[in-house]
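One letter stands for each residue in the lines below.
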Amino acid sequence: MKTVFQKIIDGELPAEKVFENERVLAIKDIAPHTPVHLLIIPKKHIASISEVTEEDIPLLGECLLIASQLAKQFHIEDGFRVLTNNGTDAGQTVFHLHFHLLGGRPLQHLV
Ligand code: 5GP
């Protein structure tokens, strides 16, 4: 069964897109935790970081570059966080790899 992000990638569900190329889609999170909360989603189906292989290395780098560019575009370059939840115990709810880009307010230290 398709994940919600696969449906968005395939145009079957609407989303507020902020970036798209052939490999990566970025959208606004539907339930933002911070004033800026974007999701950077590789279009290739990878369930989570645990499923990444060596061939995905350029794709992951591109996702981080896009995160940095979006941080500038959304004026949060002075303080933002990029994270991915891996597995149910870490709070992952959509099993299609995605990076949260969070900012727009002071963020608590996690580590
Ligand atoms: P996870 O919990 O897997 O790390 O993150 C999933 C994120 O996807 C959550 O922050 C959730 O709010 C967001 N989300 C879930 N369904 C949708 C949707 O249909 N549209 C958008 N834009 N975000 C969604």
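Residues numbered from 1 in each chain as written. Predicted model: local features only at pLDDT ≥ 70, side-chain atom pairs only at ≥ 80, totals over all residues. Heavy atoms only, no water.

Draft legend 1. Structural view of the overall build of the protein chain. In terms of regular secondary structure, the protein chain is built from 2 helices and 5 strands. Beginning at the N terminus, the succession of helices and strands in the protein chain can be written as α-β-β-β-α-β-β. Taken along the three principal axes of its C-alpha coordinates, the protein chain extends 35 × 30 × 25 Å. Here the protein chain holds 111 residues, and the buried ones make up 39% of them. Here the protein chain contributes 10 positively and 14 negatively charged side chains, and the mean placements of these two sets differ by 5 Å. (Helix = DSSP H or I, 4+ residues; strand = E, 2+ residues; numbered from the N terminus. Buried < 20%, exposed > 50% of the residue type's maximum accessible area, 1.4 Å probe, protein only. Lys, Arg positive; Asp, Glu negative; His and termini not counted. Charge placed at Lys NZ, Arg CZ, Asp CG, Glu CD.)

Draft legend 2. The arrangement of the site of the ligand in detail. The ligand sits among 16 residues. The nearest are Lys28, Asp29, Asn85, Thr93 and His100. Contacts to the ligand include Asp29, whose side-chain N or O atom sits 2.5 Å from an oxygen atom. Ile30 places a polar main-chain atom, nitrogen or oxygen, 3.3 Å from a nitrogen atom of the ligand. Here the ligand is seated within the largest pocket. Looking at the shell around the ligand, the elements with two or more residues in it are α1 (4-9) and β2 (24-28). Take the shell around the ligand: its biggest share by element is 3 residues, from α1. (Near = heavy atom within 4 Å. Polar contact = N/O pair within 3.5 Å; in protein donor to acceptor, adjacent residues only side chain to side chain. 1 Å grid on protein atoms, 1.4 Å probe; cavity = no way out; pocket = protein on both sides within 12 Å on 5 of 7 lines; lining within 4 Å. Sits in = over half its atoms within 2 Å of the grid points.)

Draft legend 3. Local environment of the sheet that holds strand β5 (residues 99-103). Pairing in this open sheet of 5 strands is antiparallel, and the strands run β1-β2-β3-β5-β4 from one edge to the other. The sheet is open, and its two edges are formed by β1 (17-20) and β4 (80-83), each paired on a single side. For this sheet, the mean inter-axis angle between neighbouring strands, taken without regard to orientation, is 15 degrees. Sheet analysis places β2 next to strand β3 (residues 36-42), joined by 5 bridges and oriented antiparallel. Within the sheet, the bridge partner assigned to Ala26 lies in β3 and is Ile40. In the packing of helix α2 (residues 57-73) onto the sheet, the strands contacted are β1, β2, β3, β4 and β5, and the crossing angle to β3 comes to about 155 degrees. (Pairing = 2+ DSSP bridges. Axes fitted to C-alpha atoms, helices over the stretch in contact; angles between N-to-C directions. Contact = heavy atoms within 4.5 Å.)

Draft legend 4. Main features of the environment of Thr93. Its location among the elements puts Thr93 in the loop between β4 and β5. A relative accessible area of 69% places Thr93 in the exposed class. Each C-alpha atom of the pair Thr93 and Thr3 lies 10.0 Å from the other, and the pair is 90 residues apart in sequence.

Draft legend 5. Region of interest: the layout of surface pockets. Its volume calculated, the largest pocket comes out at about 390 Å³. In terms of lining, the largest pocket is formed by 22 residues, of which the most central are Phe5, Asp29, Ile30, Ala31 and Leu39. Broken down by secondary-structure element, the contributors of at least two residues to the lining of the largest pocket are α1, β2 and β3. Broken down by element, the residue count for the lining of the largest pocket peaks at 3 residues, all from α1. For the lining of the largest pocket, the per-class residue count stands at 11 nonpolar, 8 polar and 3 charged. There is about 220 Å³ of room inside the second largest pocket. Lining of the second largest pocket is provided by His33, Thr34, His37, Arg81, Leu83, Asn85, His100, Leu102, Arg105, Leu107, Gln108 and Leu110. When residues of the lining of the second largest pocket are traced back to their parent elements, those giving at least two are β4 and β5. Looking at the lining of the second largest pocket residue by residue, the classes come out as 4 nonpolar, 6 polar and 2 charged. (Points joined across faces, edges and corners; volume = space filled by probe spheres on them. Nonpolar A, V, L, I, M, F, W, Y, C, P; charged D, E, K, R; others polar.)

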